[in-house]
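# Tertiary structure, described
Residues per chain are reported as follows:
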Protein chains: 2
Amino acid sequence: MVARTRIRSALAGEGGGGEVTVKGWVRTSRVGKEVAFLALNDGSSLANLQVVAEPALPNYAEICTVGTGAAVAVRGRLVDSPAAGQRYELRAAAVELLGPADESYPLQKKRHTFEYLRTIAHLRPRSNTFGAVFRVRSSLAQAVHRFFAERGFLYVNTPIITTNDCEGAGELFRVTTLDLARPKFAGGGVDFSGDFFGEAAGLAVSGQLEGELFAQAFSDIYTFGPTFRAENSNTPRHAAEFWMIEPEMAFADLRDDAALAEEFLRYLCRHVLDHCQEDLAFFNEHIDPGLVARIEGVAGSSFAMMEYGEAIERLRQASVAFEYPVEWGLDLQTEHERYLTEQVVGGPVFVVNYPQQIKAFYMRQNDDGKTVAAMDLLVPKVGEIIGGSQREERYDLLVARMEETGIDPASLWWYLDTRRWGSTPHAGFGLGFERLIMYLTGMENIRDVIPFPRTPRHAEF
Amino acid sequence: MVARTRIRSALAGEGGGGEVTVKGWVRTSRVGKEVAFLALNDGSSLANLQVVAEPALPNYAEICTVGTGAAVAVRGRLVDSPAAGQRYELRAAAVELLGPADESYPLQKKRHTFEYLRTIAHLRPRSNTFGAVFRVRSSLAQAVHRFFAERGFLYVNTPIITTNDCEGAGELFRVTTLDLARPKFAGGGVDFSGDFFGEAAGLAVSGQLEGELFAQAFSDIYTFGPTFRAENSNTPRHAAEFWMIEPEMAFADLRDDAALAEEFLRYLCRHVLDHCQEDLAFFNEHIDPGLVARIEGVAGSSFAMMEYGEAIERLRQASVAFEYPVEWGLDLQTEHERYLTEQVVGGPVFVVNYPQQIKAFYMRQNDDGKTVAAMDLLVPKVGEIIGGSQREERYDLLVARMEETGIDPASLWWYLDTRRWGSTPHAGFGLGFERLIMYLTGMENIRDVIPFPRTPRHAEF
């Protein structure tokens, strides 16, 4: 086919002077007195390229009927545009209609609610908002990989299907090839010996444990892949399928972990400010007026650190009526997190060293005997965005903790093995990719930052 | 913690002269007459750093007992090494034992079979071969993302959980939160209305259909994520969970598709030659003696193209007894593919325009009425490595083809919608990431290029 110029490039004047061919979808069309205008978009940028077609074109009558949503190819010359808000427009020498669209096209030029657009998730990427969302998502994914590659971290694909359910069987999706209509039983339960994997399997809720195994060979690793929660909660922040980023470092403690998390989040903020300017300006104008200033704030600040015990004290002294009463041992809720980062610190803050009983079995026990080396990074407007910890590297303490929390050490023999031979102090954290995108775009519903969201009773497309 | 120098950097002489601290795992230890040697590896390179510890060190007696697999931190000075095969060694000023390892450590210095190492997949990354495999895997993943980013392709995360089973229900893993012990029935089958998604759901076998939706908004996109096949086949080339790369281009035909595939594969070959030299040399020496020459061959050649019809003629003329008899309509088997690329062409070749009846419903019908615009890229030693096609963009033809192949058009209403409004000629292909890694490392079993492979009756770790 004829090589095409991307609209992003054409808008920047690339190929100006000579002829270019652009291809894209018509966002709006308008027939003036002596000329027809088509606003063309190919997804490479938020802005459309204005195409000007004159009656001398052999198919001018057809061009005048081209509707919103149609796909066209236009050959022509980029010329200075007299219109405001655009430097160039394309004077058409030929317009070819590739795929028409009639008035039944659902994305006619008018405002649609996000709720409605979710029902046409196959078409919403052709709207301004979702074009911007998914460009930012893609650009951020590239930045995540680049950040870790530049720092010598190994990328590891941890398994999606797992037989390890220690992190919460209640939230696990079952994966099976059994005939659900004819269950077989053994030993008082369903007999999984005839299932594909010969035992009960499910979808992973995290890649951390396997990530730790790789950190004990490559020192610095990260995962970036889909994770799953069968949590029956319909909130703007929960999806059954989402992507997680989980770095893990051998020879590292909680301070190293916090330093990495801070560098990472600031890098990503800097990235969207530098590389997603057009889309960010759109979000700042139409979605979340404080967005750019908030991101600049995070990119430019150094993060505070506060002991959990101090956080509890500050919350107790607050003249705010929290829904959840504050006392030592409380698992901080979003209301508390936001108070700490917004009112107490006025910026990002790591809360560290949480009570052992509210944290996972693998977190490293502190010398006080009651807290563990956990950290949560809290940021204004959302609360927790990153959660991490130093891991318990001492075999005996880890086994004791598993037994206390009802996890059979034999079921995680391979995890324990890394503490038997060549154990190292190590630490890592997790960042939900969609939470990050929400934070950096101002979009308020996780369903609107995932191409095809999976939530209770919804797995369309 | 003390900042550490990676062993890859230390071996390159970084910090030479001054003191450095390295941390890693002992691969071998040896006590000489007046000095102890530790070969240290931290996963950053294949090569170990030789640490030389002298009796003057306060814990010299302990150092002499440090076994294979132990984790240590060593502070010292890089000096020229008198030993062959290494430029520098580390003269230790202090050796700290972080995590000991006794003789029960399974990876003692001796040759282990790959079969045995699969049973300790949590430890095998600490071996030479698997260290090299997973470094190459990580580096290639980075190269995949960079290739597409440099060309303006949008990265899209297509859904893992899907209710779309048109690509082969027989190979689908079921995903459910139903109580398998107590199925409910409705309308003659299991009642999925009470399941998490309100209908039967499974794990995606491809992201192509959703990728096409995004290509109809962003023009050039790619997916790179896990896909699943519940295929009960125990072969060295099949896994139940693997990663796929699937680019899709709007405004593109089969020639454009082949051009992208060629550029992509040559880029990845060039990448490992330039960026994974040490590991590649290892594979070339120990795993697959022709490897580097073969990769250089692909990187430097331009790929041939052959019609399916001509391929069949060439195979019929061959003086080779194929297991599967050759006639027009045959779905080429590996024996045929290898004959074509190795004997007929002597290099990579695209076979294009296959009979419609052996290809998927979405491939574009050619004007001859009997073939579709499909392509398979065949390479020496493995046969097919990339499969792709131009997609049927004509609504009526696509619906007719779905009906012929027993797919209910109503179940894919959203896919058909892209042909109703603004349809474009478009094309894409799929590359199995593990197949690529096998091709570029010479490893012959897919179980040995995935961190924790999932195959029938195996989902350990």
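Look a little higher up for the structure.
In short, a report on the structure. (Residues numbered from 1 in each chain as written. Chains lettered and ligands numbered in written order. Predicted model: local features only at pLDDT ≥ 70, side-chain atom pairs only at ≥ 80, totals over all residues. Heavy atoms only, no water.)

## Quick look at the environment of Leu-431 of chain B
All names here are of chain B. Worth spelling out the cut-off: Think of it this way: any DSSP run of H or I at least four residues long counts as a helix, any run of E at least two long counts as a strand, and we number them from the N terminus. Exposed residues in this analysis have more than 50% of their type's maximum accessible area, buried residues have under 20%, and partly exposed residues fall in between, with area computed by a 1.4 Å probe over protein chains only. A contact between two residues is defined here by any heavy atoms of the two lying within 4.5 Å.
Mapped onto the elements, Leu-431 comes out in strand β18 (residues 426-432). Residue Leu-431 is classed as buried on the basis of its relative accessible area of 0%. For the pair formed by Leu-431 and Ile-385, sequence separation is 46 residues and the distance between their alpha carbons is 6.6 Å. Every residue in contact with Leu-431, bar those within four places of it in the chain, is listed here: Trp-243, Met-244, Ile-245, Phe-264, Leu-268, Ile-385, Ile-386 and Leu-436.

## Focus on unusual backbone geometry
All names here are of chain B. Positive phi, close to 85 degrees, is recorded for Lys-381, a residue that is not glycine. Mapped onto the secondary structure, Lys-381 falls in the loop between β16 (371-379) and β17 (383-390). One non-glycine residue, Phe-461, lies in positive phi territory at about 70 degrees. In this structure, Phe-461 sits in the segment after α13 (433-441). Judged by its relative accessible area of 6%, Phe-461 is buried.

## Some points on α13 of chain B
Residues and elements named next belong to chain B. Of all nine residues making up α13, eight are buried, and the element is well covered by its neighbours. Among all positions of α13, only Phe-433, Glu-434, Leu-436, Ile-437, Met-438, Tyr-439, Leu-440 and Thr-441 are buried. Once α13 ends, the next one or two residues include Gly-442, with phi positive near 85 degrees.

## Notes on the pairing of strand β4 (residues 71-80) of chain A
Residues and elements named next belong to chain A. For clarity, the threshold we go by: Two strands form a pair only when DSSP identifies at least two bridges running between them.
As paired elements, strand β1 (residues 19-31) and β4 share seven bridges and run antiparallel to each other. Across the sheet, the residue bridging to Thr-21 is Arg-75, located in β4. As defined by bridge partners, β4 adjoins strand β5 (residues 88-99) across ten bridges and the pair is classed as antiparallel. Looking across to β5, one finds that Val-72 is bridged to Leu-97.

## So, the relation of the copies chain B and chain A
We count it as follows: The atoms used to superpose the copies are C-alpha atoms, taken from residues with pLDDT of at least 70 in both, and the fit is least squares.
Rotating chain B by 180 degrees and translating it 0.0 Å along the rotation axis places it on chain A, where the RMSD comes to 0.0 Å. Those values place the two copies in the arrangement expected of a two-fold rotation axis. Residues of chain B ranked by C-alpha distance from the rotation axis are headed by Val-175 of chain B, positioned 2.4 Å from it. Most of the interface of chain B is mirrored in chain A: 100% of its interface residues are interface residues there too.

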